Amino acid sequence: MASLSPSGEGYGGSLRYLTPLIRERGHTLPRPSGVIEHYRDFLPVSENTPIVTLGEGDTPLVKSRQIGPALGCKALYFKLEGCNPTGSFKDRGMCMAVAKAIEAGRERIICASTGNTSASAAAYGAKYGLQTFVLVPAGEIALGKIAQAMAYGARILAVNGSFDDALTTVRGLVEILDIELVNSVNPFRIQGQKTGAFEIVDELGDAPDILSIPVGNAGNITAYWMGFKEYKAAGRSKKLPHMMGFQAAGASPIVQDRIIERPETVATAIRIGNPASWKRAVAARDESGGRIEAVTDEQIIAAYLKLAREEGLFFEPASAASVAGLMRLPELGVDLTGKTIVCILTGTGLKDPGTAEKRAFVKMELVEPDMESVMALIGAPRRK
Ligand code: F0G
């Protein structure tokens, strides 16, 4: 077992306590748990790096039953990143960022966030005893994400400004304070997130023809592209996918090739006007022969409901942007016939109950608690 350092020092209270206990009892961990252990050969970890994990990664890749066949592709798969411990893909990168923060002796972490990064930082911070500060744009965070940060016990600073303002602020702060920045400008975040690409190749036996992914701060598209390239270089795959990234029309700086001062979209997770990894997203697009395009809020909500109602997949609006975008590709001249496609569904729909309540247009039907009343509403035929 290479997961704990010889001394067990410097890992925060819980691990210092656990290390001798695990050794004394002769235990090893039953199987790789989390992405650091599973993919450690591809990650910048040493024996001094603690294995930080909440059990992230190893998310389901499920085949589409309706949307894929309607598009005429060979196979469309959804990667369910909402199945990560805090309900979004952020956990893959956060475990790495937190591991490296602990290795560097930090006791505090900070991030700017549209919600998911803050939930993830707060969770790992809680488990490993780090004080966690999250800066979020006031009034613009989906309820589930704020609820998470509150429950995990992070300090939540609601800024009177945008995500971009919050990120600029924390980037400045970490220059002068003894505190680790865990946004995706932290290179270890990208390192951890690239494991999503590894899992896809491990499962499909090769890279897909097309990867469809939402783009906000542009860290994830950067990470996937890095992962696919590294795996191909290591001989694990034969080809590379075309990277198709999608921004919300009201928050589409890369598509419009200009900073958007006041980004606006129903997909609050990607309401970002000046992405930190802008250049690397453009590089992923261009090196892979891909596209970065915009989808309207109407297209996002249509895809959000289609995913839920035709595939049984409840994911947040930002995730649905990748499905909305995929459905636009044929009209943009991209031929999907016969292609193997993977669509990254980045965060669970439970994060944002308000959108379901407002946009699904389903009313609860009040009924008396007796068979007659319920039968009248159901209208099903009697058993033969
Ligand atoms: N999907 C979801 C659910 C997200 O939370 C994010 C980003 C993205 C897609 C876009 O990923 O930024 O790597 O291009 N959320 C960040 C946050 C900004 O603060 O939680 P990206």
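Higher on the page you've got the structure.
Computed from a predicted structure; not experimentally measured.

Asker: What is the right way to look at the sheet that holds strand β9 (residues 291-295) in this model?
Answerer: Through backbone hydrogen bonds, the strands of a sheet pair up, either in parallel or in antiparallel fashion. Read across the open sheet, the six strands follow the order β1-β2-β10-β7-β8-β9; overall the sheet is mixed. Across the chains shown, the open sheet's two edge strands, defined by having one partner strand only, are β1 (61-63) and β9. Strand-to-strand, the axes of this sheet are offset by a mean angle of 25°, without reference to chain direction. Note: strand β2 (residues 75-80) against strand β10 (residues 340-345), six bridges, orientation parallel. Pairing of F78 across the sheet is with C343, part of β10.

Asker: Mind showing me how you'd approach the site of the ligand here?
Answerer: In the vicinity of the ligand, 21 residues are found, and the nearest of them are N116, N217, A218, N220 and T346. In the environment of the ligand, a nitrogen atom lies 2.9 Å from a nitrogen or oxygen atom belonging to the side chain of K90. Contact distances for the ligand include 2.7 Å between an oxygen atom and a side-chain N or O atom of N116. Within the complex, the protein chains bury 98% of what would otherwise be the 470 Å² of accessible surface of the ligand. Contributing elements (two or more residues each) for the shell around the ligand: α5 (116-127) and α10 (219-233).

Asker: Can you walk me through the nonpolar core in this structure?
Answerer: Buried together is how nonpolar side chains tend to be arranged in soluble globular proteins. Counting 54 residues, the largest nonpolar core has V52, V98, I200, L211, I221, Y224 and F228 as the members making the most contacts within it. At eight residues, the largest contribution of residues to this core is made by helix α4 (residues 90-103). Those residues within four positions of V52 in sequence are excluded, and the remaining contacts are I36, C95, V98, A99, I102, Y124 and Y128. Counting residues in each nonpolar core, the second largest holds 36 residues, with A318, V334, L336 and A360 among its members.

Asker: I keep staring at α10 and nothing clicks. Help me out?
Answerer: Since the α-helix packs 3.6 residues into each turn, any two residues three or four apart lie on the same face. Across its 15 residues, α10 extends 21 Å between first and last C-alpha, which sits within 8% of the 21 Å expected from 1.5 Å per residue. Those residues of α10 that sit buried are G219, N220, I221, T222, A223, Y224, W225, G227, F228 and Y231. Looking one or two places after α10, you find G235, whose phi comes out positive at around 80°.

Asker: What am I meant to see in the sheet that holds strand β4 (residues 131-137) here?
Answerer: Taking strand neighbours across the sheet as the criterion, the four strands line up as β5-β4-β3-β6 in an open arrangement whose pairing is parallel. Across the chains shown, the open sheet's two edge strands, defined by having one partner strand only, are β5 (155-159) and β6 (180-181). As paired elements, strand β3 (residues 108-112) and β4 share five bridges and run parallel to each other. Bridged to I109 within β4 is T132. Of the strands in this sheet, β3 and β4 are in contact with α5, which crosses β3 at around 170°. Across the sheet, helix α7 (residues 163-176) is in contact with β3, β4, β5 and β6; its angle to β3 comes to roughly 150°.

Asker: Any chance you could explain the pattern of salt bridges here in plain terms?
Answerer: Close approach of charged atoms lets side chains of opposite charge pair. Going through the model one piece at a time under the given rule, you end up with 16 salt bridges. One salt bridge connects E103 with K100, and the closest N-O pair in it is separated by 3.1 Å. Linking E103 with K100, this pair stays in helix α4, spanning three residues, or about one helical turn. Taken together, the salt bridges that share partners define one network made up of K79, E81, R92 and E199.

Asker: Explain the packing of helix α9 (residues 195-204) against α10 here, please?
Answerer: In helix packing, the relevant descriptors are the interaxial angle and the interaxial distance, both defined with respect to the helix axes. Direction vectors running N to C along α9 and α10 enclose 50°, while the axes themselves pass 7 Å from each other. Classed by the angle they form, the pair α9 and α10 counts as oblique. Regarding α9 and α10, the two cross each other, and that crossing is right-handed. Of the residues in α10, those in contact with G196, A197, F198, I200, V201 and D202 of α9 are Y224, G227, F228, E230 and Y231. Its residues placed into classes, the contact of α9 with α10 shows seven nonpolar, two polar and two charged.

Asker: How should I be thinking about the environment of E261 in this particular structure?
Answerer: Among the structural elements, E261 can be located in the loop between α11 (253-256) and α12 (278-288). C-alpha separation for the pair E261 and A303, spaced 42 residues apart in sequence, amounts to 27 Å.

Calculation rules
Residues numbered from 1 in each chain as written. Predicted model: local features only at pLDDT ≥ 70, side-chain atom pairs only at ≥ 80, totals over all residues. Heavy atoms only, no water. Pairing = 2+ DSSP bridges. Helix = DSSP H or I, 4+ residues; strand = E, 2+ residues; numbered from the N terminus. Axes fitted to C-alpha atoms, helices over the stretch in contact; angles between N-to-C directions. Near = heavy atom within 4 Å. Polar contact = N/O pair within 3.5 Å; in protein donor to acceptor, adjacent residues only side chain to side chain. Areas by Shrake-Rupley, 256 points an atom, 1.4 Å probe, with all protein chains shown as cover. Core = buried A, V, L, I, M, F, W, Y, C linked by side-chain atoms within 4.5 Å. Buried < 20%, exposed > 50% of the residue type's maximum accessible area, 1.4 Å probe, protein only. Contact = heavy atoms within 4.5 Å. Expected span 1.5 Å × (residues − 1). Salt bridge = Lys/Arg side-chain N within 4 Å of Asp/Glu carboxyl O. Parallel < 35°, antiparallel > 145°, perpendicular 65-115°, else oblique. Left-handed = near helix turned anticlockwise from the far one by under 90°. Nonpolar A, V, L, I, M, F, W, Y, C, P; charged D, E, K, R; others polar.

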